[in-house]
Structure formats: C-alpha cells, structure tokens
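Listed here are the chains, written in short residue letters.
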Amino acid sequence: MVDQFVGTWTLTSSENFDDYMKAIGVGFATRQMGNMAKPNLVISVDDAGLISMKSETTFKTTEIKFKLSEEFDETTADGRTTKTIITLENGKLVQQQTWDGKKTTLERELQDGKMTAKCVMDDVVAVRTYVKEA
C-alpha cells in the first residue's frame, strides 16, 4: 500500500522544474511563483482507503483525494483541469494527468529516506527531492 509515503515531506531540491512547467504550458508569472515555492507535501490515508495529497506553499494550497487506480478530475496548482489516475507500480506512486490531448507523468519514489518526484512531459524531465519531517 502507500503507507511508506504517508507523512509530511518538505522540498529540498528541484532540478529543471522551470523547463517542465514551460513544457506543460505554465505562463511566466505562475512559473516564477512555482520556482520560488518550497512546498510541503502532506500525504495521508483515511480508514476507507481514500488517499489525500496536499501541497502547501505560502502562495497556494492544493489537495487531491483519490483511490488508487480510479480516474478523477483534478484542478492543478497552475489551473489546468485534468483527468488524473494514480497507481502504485513497483513501489512508486505514478500519477498520470491528461488534458487537451496532452499527457504528463509524475513518479514519486522513496530512496534513502527521501522522496523523489520525477516530472515528465515529452522529453523534458524535472526531479524534485523531498525529505520527511520528523
């Protein structure tokens, strides 16, 4: 299950995120805020198996609630409306967003006590690293 992902995670590094945001169509002003933001990602699971992923920054807080392998409508932090499905594959949380004929994938994986989020749009890849709060 996703229990190993549960907790509060703080962004510690971000590589190539501006290029990723450009690739998914994020405008200049929103990219500037996105590049400055150091989000906390809070992941929890309730008794019914509903998973919550909340991204908290000083600019904006967004939250999605979902069950694994069930498609849902998501409004992203940058304002896109996507069809999203999140699955657990080989220990990775894999989030696929589709909108306007486009598709992006976010793979969250635990390594050495850190969580990496690999954001992929076509040939553009960004890697964001989080550490778990004690």
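Each remark here, short or long, concerns the structure printed above.
Residues numbered from 1 in each chain as written. Predicted model: local features only at pLDDT ≥ 70, side-chain atom pairs only at ≥ 80, totals over all residues. Heavy atoms only, no water.

Draft legend 1. Structural context of the pairing of strand β4 (residues 61–66). Of the strand pairs in this sheet, strand β3 (residues 51–56) and β4 are connected by six bridges, and their pairing is antiparallel. Paired with Ile51 across the bridge in β4 is Phe66. Remark: four residues form the turn of the hairpin made by β3 and β4, two consecutive strands paired antiparallel. (Pairing = 2+ DSSP bridges. Helix = DSSP H or I, 4+ residues; strand = E, 2+ residues; numbered from the N terminus.)

Draft legend 2. Looking closely at the side chain of Thr84. Secondary-structure assignment places Thr84 in strand β6 (residues 81–89). Using a relative accessible area of 0% as the deciding quantity, one classes Thr84 as buried. A polar contact of 2.7 Å, which involves the side chain of Thr84, links it to the side chain of Glu74. If we skip the residues at most four places from it in the chain, Thr84 touches Glu70, Glu71, Phe72, Glu74, Gln95, Gln96 and Gln97. (Buried < 20%, exposed > 50% of the residue type's maximum accessible area, 1.4 Å probe, protein only. Polar contact = N/O pair within 3.5 Å; in protein donor to acceptor, adjacent residues only side chain to side chain. Contact = heavy atoms within 4.5 Å.)

Draft legend 3. Highlighting the side chain of Ser52. Note that Ser52 resides in strand β3. A distance of 2.6 Å separates the side chain of Ser52 from the side chain of Glu63, its partner in a polar contact. The residues touching Ser52, leaving out its near neighbours within four places in the chain, are Val42, Ile43, Ser44, Glu63, Ile64 and Lys65.

Draft legend 4. Highlighting the environment of Val2. By the secondary structure assignment, Val2 is in the segment before β1 (7–15). Sequence-wise, Val2 and Gly91 are 89 residues apart; in three dimensions their C-alpha atoms are separated by 8.3 Å.

Draft legend 5. The pattern of salt bridges, seen in detail. The full count for this structure, using the stated rule, is six salt bridges. Put simply, Asp18 and Lys22 hold a salt bridge, and the shortest N to O gap is 3.9 Å. Taken together, the positions of Asp18 and Lys22, both in helix α1 (residues 17–23) and four residues apart, correspond to about one turn of that helix. What makes Asp18 partly exposed here is its relative accessible area of 22%. Owing to a relative accessible area of 46%, Lys22 belongs among the partly exposed residues under this scheme. The salt bridge partner of Lys22 is Asp19, with a shortest N-O separation of 3.9 Å. (Salt bridge = Lys/Arg side-chain N within 4 Å of Asp/Glu carboxyl O.)

Draft legend 6. Broad picture of the sheet that holds β3. The 10 strands are arranged β4-β3-β2-β1-β10-β9-β8-β7-β6-β5 in an open sheet whose pairing can be described as antiparallel. Lying at the two open borders of the sheet, with one neighbouring strand each, are β4 and β5 (72–75). For this sheet the average axis-to-axis angle between neighbouring strands, irrespective of direction, equals 25°. Pairing analysis gives seven bridges linking strand β8 (residues 102–111) to strand β9 (residues 114–121), with the strands arranged antiparallel. Bridge pairing in β9 places Glu109 opposite Thr116. (Axes fitted to C-alpha atoms, helices over the stretch in contact; angles between N-to-C directions.)

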